[in-house]
Amino acid sequence: MKKTLALPLLAAAGGAAAFALRLLQNRTGFEPDTGLPVPGNLPGTALLALLAVLAAAVCLLARRMPPESGDGPAFPGAFAARDPAPLMVPMAGVFLMALSGLLDLAGGTGLSQSLAAADPYGGMAALLSADVFSPRLRVVMGALTLLSAAGLFRCTALCRGGKHVAAFSDGAWLLVPPAVLVVRLVLTYRADSVNPALEAYYVELLALVFLTLGFYRLSSFAFRAGRTRVFSVYAALSVILSMASVADAGVPWASRLLYAGGALVLLGFLGLRLADAALPAAPPDEPADGSV
């Protein structure tokens, strides 16, 4: 049990540390007038060192996993849970992603102005504000994010039922999140690349890159092409970088919720996969479901 929890715990703890360092860097590492990075900022330097150490530790833990060959385990059996408690983590992430999509939809339509006008404290305006996408793009990205959340909700619900659940026949649902994240990555890079301070947006771009790879590797299990080692590396690094991106003040709230939700989804599936891989296989002369 300790071995199966080592990588998820490292990802969660590393993500919390990266969040704290990124928060300190945003508060002390940039000049308030120009937004340019402060040379030699300690939290910024410590964050880079922490990310390098965590990446090495994640790869080392993944290499200690047994190698796999031939057809990989099928989805959702590779992530099956005997009770619903472990599924609460990815389900919470799915709901955060759905909320992110709703915020983008509200922010890209006239509804955002109505809600902001009805809020005397201005909190709703800050929640719906965005300086990355145009209103039309926000509507498109909101709809695509909701579609991703719907697909992940369906796939996560299928994981309830023990180790030997039926194979998943519609893997297209798991291909939606990485496709949507690729679009968001391109649009985010186009918007942020004009900023001369790379330190201001490199964490968010890395988070999008590894979220895309993590969800892509998750989808490969639906086609019996999944590899636990590779998925574990991308999922763990996605969690770390996504949690750090949540600390960025310049990132809209819809994007922060997306990163937090994506981190929870991959963290949950990482724990489910490692727990399932650690279970002993049924003897060949014994029925898989335990029936006589």
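As the structure is a prediction and not an experimental result, all values here were calculated from the model.

**Overview of the pattern of salt bridges**
Considering all chains together, one arrives at four salt bridges under this definition. Put simply, Arg273 and Glu68 hold a salt bridge, and the shortest N to O gap is 3.7 Å. Of this pair, Arg273 sits in helix H10 (residues 253–278) while Glu68 sits in the loop between helix H2 (42–63) and helix H3 (88–107), and the two are 205 residues apart along the sequence. Residue Arg273 is classed as buried on the basis of its relative accessible area of 5%. Given a relative accessible area of 32%, Glu68 falls into the partly exposed group. Residue Asp104 pairs with Arg184 through a salt bridge whose shortest N-O separation is 3.2 Å.

**Section: the packing of aromatic side chains**
The final tally for this structure, using the stated rule, is eight aromatic pairs. Ring plane angle 90 degrees and centroid distance 5.3 Å describe the contact between Phe79 and Phe269, whose orientation is recorded as edge-to-face. With a gap of 190 residues between them, Phe79 in the loop between H2 and H3 and Phe269 in helix H10 connect regions that are remote in the sequence. The pair formed by Phe79 and Phe269 is uniform in burial state, with each residue classed as buried.

**Details of the packing of H2 against helix H9 (residues 228–246)**
Look at H2 against H9: their axes get within 9 Å of each other, and the N-to-C directions meet at 155 degrees. The angle between the axes of H2 and H9 places the two elements in the roughly antiparallel class. The handedness of the crossing between H2 and H9 is right-handed. Contacts between H2 and H9 involve Leu51, Leu54, Ala55, Val58, Cys59, Ala62 and Arg63 from the former and Arg229, Ser232, Val233, Ala236, Leu237, Ile240 and Leu241 from the latter. A per-class count over the contact of H2 with H9 returns eleven nonpolar, one polar and two charged.

**Description of the packing of helix H7 (residues 172–192) against helix H8 (residues 202–219)**
Helices that pack against each other are described as a pair by the angle of their axes relative to one another and the distance between those axes. Closest axis-to-axis distance for the H7/H8 pair is 8 Å, and the angle between their directions is 165 degrees. Considering their axes alone, H7 and H8 lie roughly antiparallel with respect to each other. Here H7 and H8 pass one another in a crossing that is left-handed. Here Leu174, Leu175, Pro177, Pro178, Leu181, Val182, Arg184, Leu185, Thr188, Tyr189 and Asp192 of H7 come into contact with H8, specifically with Glu204, Leu205, Leu208, Val209, Leu211, Thr212, Phe215, Tyr216, Leu218 and Ser219. For the contact of H7 with H8, the residue count by class is 15 nonpolar, three polar and three charged.

Cut-offs applied
Residues numbered from 1 in each chain as written. Predicted model: local features only at pLDDT ≥ 70, side-chain atom pairs only at ≥ 80, totals over all residues. Heavy atoms only, no water. Salt bridge = Lys/Arg side-chain N within 4 Å of Asp/Glu carboxyl O. Helix = DSSP H or I, 4+ residues; strand = E, 2+ residues; numbered from the N terminus. Buried < 20%, exposed > 50% of the residue type's maximum accessible area, 1.4 Å probe, protein only. Phe/Tyr/Trp six-rings, centres within 6.5 Å; stacked < 30°, edge-to-face > 60°. Axes fitted to C-alpha atoms, helices over the stretch in contact; angles between N-to-C directions. Parallel < 35°, antiparallel > 145°, perpendicular 65-115°, else oblique. Left-handed = near helix turned anticlockwise from the far one by under 90°. Contact = heavy atoms within 4.5 Å. Nonpolar A, V, L, I, M, F, W, Y, C, P; charged D, E, K, R; others polar.

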